[in-house]
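Summary of the model geometry
Residues per chain are reported as follows:
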Amino acid sequence: MEVYLDNNATTMVDPLVYKAMEPFFCHIYGNPNSLHKFGAGTHPKMLESLDHLYDGINAADEDDIIITGNATESNNTVIKGIWIDQILNGTKNHIITSEVEHPAITAVCKFLETQGVSITYLPVNEEGVLEAKQVKEYIKDDTALVSIMWANNETGKLFPIKEIGAICKEAGVAFHTDATQAIGKVPVDVQDCNVNYLSLSAHKFHGPKGIGALYIQKGYSLTPLFHGGEQMGGHRAGTVDVACMVGMGLAMKLAVDNLEYENTEVKRLRDKLENAILEIPETIVIGGKENRTPNTTLISIRGVEGESMLWDLNQKTIGASTGSACASEDLEANPVMNAFGSDSELAHTGVRLSLSRFTTEEQIDYAINVIKNAVSRLREISSSYAYTPKNHNSQL
């Protein structure tokens, strides 16, 4: 049996989405910017896709949604756009983010630091959540942007976006959220949460890879990351991938339509898997069980390195992760667990298991059996498990 439990890295394309995309490869293939009927023939489905995106995040009609290549591009567009507009050509010089953001945020911020920008990386609490009051404490007169993720890609923990949005609105500071891991798992409402910019990526909610979007609230603007043609009203040059745009729009609609299923059945299967693993002595859920997306668990198993566990799971055709796939080739300790204050041993033992609406009961039963057998085998050969004293400080 094959079991895919790495849905925070990417998801399978929903068959309905794949079917909707097919005509745009060989039948309705015109350039959407062309004036002839081949180009114009793409417009109805493109508009329908935009409608699904607007509805999916409750964007107002006067707001903009820019089609991008992925959330990484969207994040770069916001942060570098703010840098150009408000820092290089303005009076600001400060950006606030968190220590546990995706590399698509932190790497950009690290780059801006080399350009003289002041970046504040706010820590998370013992549950892995950023407290909104910290944002208020660190906003300064020269703060240009606050960028905080909606949901953490490794723990699934949900951040207080509505409270942070209200704080930023009161302070007159632009607020961006990377909602890549929230779409299709929890309700996302940009109007209710006072969000000015929002990034998303289709392949995280059963859409195609290689396409994402950037929400920009009315009254906010950004210097484009790409210059060239006048696509997207001049906000993002480059011919739009119509097939993928159509797929993303339908994937958004299906994701929103399936929110109840996600928060009942997917959550039930996640909890079943998690509780079975927690029956193994000296295992914990990183960040605890509350206030998180319904599909994700990050579990630490003392004496079992994450990479070793992944090897055993892969041999039994189970896909999982030790953290972000965008940093999976880096064998450094899990940065999110480091941010929690975990010691070096614990920070290497995290295994992330993330389900989807296509995960079945039979797959979970199989995964439970394989994981328990893998823990037994790996602990038998683990020197750290065999010799760790009872009063060790690994939090387990």
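Structure first, text after, so check above.
Figured I'd write up the structure that's included with this text. None of the values given here were measured: they were computed from a predicted structure.

Side note on the nonpolar core
Core analysis: the largest hydrophobic core is formed by 58 residues, its most contacted members being Ile57, Val146, Trp150 and Leu198. Listed by contribution, the elements that provide at least two residues to this core are helix H1 (15-21), helix H4 (43-57), strand E2 (64-68), helix H7 (132-138), helix H8 (161-171), strand E7 (197-201), strand E8 (212-216) and helix H9 (242-257). Counting residues per element, this core draws most heavily on H9, which supplies ten residues. Beyond its immediate chain neighbours, meaning those up to four positions away, Leu198 contacts Ile57, Trp150, His176, Thr177, Ala179, Val188, Val190, Ala213, Leu214 and Tyr215. One finds Ile277, Val304, Leu313 and Leu353 within the second-largest nonpolar core, a separate group that totals 27 residues.

Focus: the sheet that holds strand E9 (residues 283-285)
Strand order in the open sheet formed by three strands is E9-E10-E12, and the pairing between neighbours is antiparallel. The open sheet has two edge strands with one neighbour each: E9 and strand E12 (350-354). Neighbour-to-neighbour, the strand axes of this sheet turn through a mean angle of 25°, independent of strand direction. Pairing geometry for strand E10 (residues 296-301) and E12, over five bridges, is antiparallel. Bridging from a neighbouring strand, Ser300 pairs with Gly350 of E12.

Examining the sheet that holds E8
Read across the open sheet, the seven strands follow the order E2-E8-E7-E6-E5-E3-E4; overall the sheet is mixed. Looking at the sheet topology across the chains shown, the edges are occupied by E2 and strand E4 (118-122). Pairs of neighbouring strands in the sheet enclose a mean axial angle of 20°, with direction left out of account. In the sheet, E7 pairs with E8 via five bridges, with the strands oriented antiparallel. Bridging from a neighbouring strand, Ser199 pairs with Leu214 of E8. On the sheet, helix H5 (residues 71-88) packs against E2, strand E3 (94-98), strand E5 (143-147), strand E6 (174-178), E7 and E8 and is oriented at approximately 155° with respect to E7.

Let's talk about the pattern of salt bridges
In total, this model carries 19 salt bridges according to the counting rule given. The shortest N-O distance in the salt bridge between Lys140 and Asp142 comes to 4.0 Å. Classification of Lys140 as partly exposed rests on a relative accessible area of 41%. On the basis of relative accessible area, Asp142 is assigned to the partly exposed category, the value being 24%. Notably, a salt bridge pairs Glu265 with Arg268, separated by 2.7 Å at the nearest N-O pair. Taken together, the residues span about one helical turn, with Glu265 and Arg268 both in helix H10 (residues 259-278) at a distance of three residues. Judged by its relative accessible area of 36%, Arg268 is partly exposed. Linked by salt bridges that have partners in common, Glu265, Arg268, Lys272, Glu361 and Asp365 make up one network.

Digging into the pairing of E2
Of all five residues making up E2, four are buried, and the element is well covered by its neighbours. The sheet contact formed by E2 and E8 spans five bridges and is antiparallel. Bridging across to E8, Ile65 finds its partner in Tyr215.

Examining the packing of H4 against H9
For the pair H4 and H9, interaxial distance at closest approach is 8 Å and the crossing angle is 35°. In the packing of H4 onto H9, the handedness of the crossing is left-handed. Between H4 and H9, the contacting residues are Lys45, Met46, Ser49, Leu50, His52, Leu53, Gly56 and Ile57 on the first element and Val242, Met245, Val246, Met248, Gly249, Leu250, Met252, Lys253 and Val256 on the second. Residue composition of the contact of H4 with H9, grouped by class: eleven nonpolar, four polar and two charged.

Quick notes on the side chain of Thr10
Counting through the fold element by element, Thr10 comes out in the loop between strand E1 (3-4) and H1. Among the residues examined, Thr10 registers a relative accessible area of 16% and is labelled buried. Polar contacts involving the side chain of Thr10 include one to the side chain of His203, which spans 2.6 Å.

Overview of the side chain of His52
Within the secondary structure, His52 sits in helix H4. Overall, the relative accessible area of 16% leaves His52 in the buried class. Those residues in contact with His52 that sit more than four places away from it in its chain are Gly249, Leu250, Met252 and Lys253.

Regarding the pairing of E6
When you tally the buried positions in E6, you get five out of five residues, the bulk of the element. The sheet contact formed by E5 and E6 spans three bridges and is parallel. If you follow Ser147 over to E6, its bridge partner there is His176. With H8 bridging E5 and its parallel neighbour E6, the resulting β-α-β unit is right-handed. Note that E6 and E7 share three bridges and pair parallel. Opposite His176, over in E7, you have Tyr197 as the bridge partner.

Here is what the cut-offs are and how they apply
Residues numbered from 1 in each chain as written. Predicted model: local features only at pLDDT ≥ 70, side-chain atom pairs only at ≥ 80, totals over all residues. Heavy atoms only, no water. Core = buried A, V, L, I, M, F, W, Y, C linked by side-chain atoms within 4.5 Å. Buried < 20%, exposed > 50% of the residue type's maximum accessible area, 1.4 Å probe, protein only. Helix = DSSP H or I, 4+ residues; strand = E, 2+ residues; numbered from the N terminus. Contact = heavy atoms within 4.5 Å. Pairing = 2+ DSSP bridges. Axes fitted to C-alpha atoms, helices over the stretch in contact; angles between N-to-C directions. Salt bridge = Lys/Arg side-chain N within 4 Å of Asp/Glu carboxyl O. Left-handed = near helix turned anticlockwise from the far one by under 90°. Nonpolar A, V, L, I, M, F, W, Y, C, P; charged D, E, K, R; others polar. Polar contact = N/O pair within 3.5 Å; in protein donor to acceptor, adjacent residues only side chain to side chain. Right-handed = clockwise from strand over helix to strand, strands pointing away.

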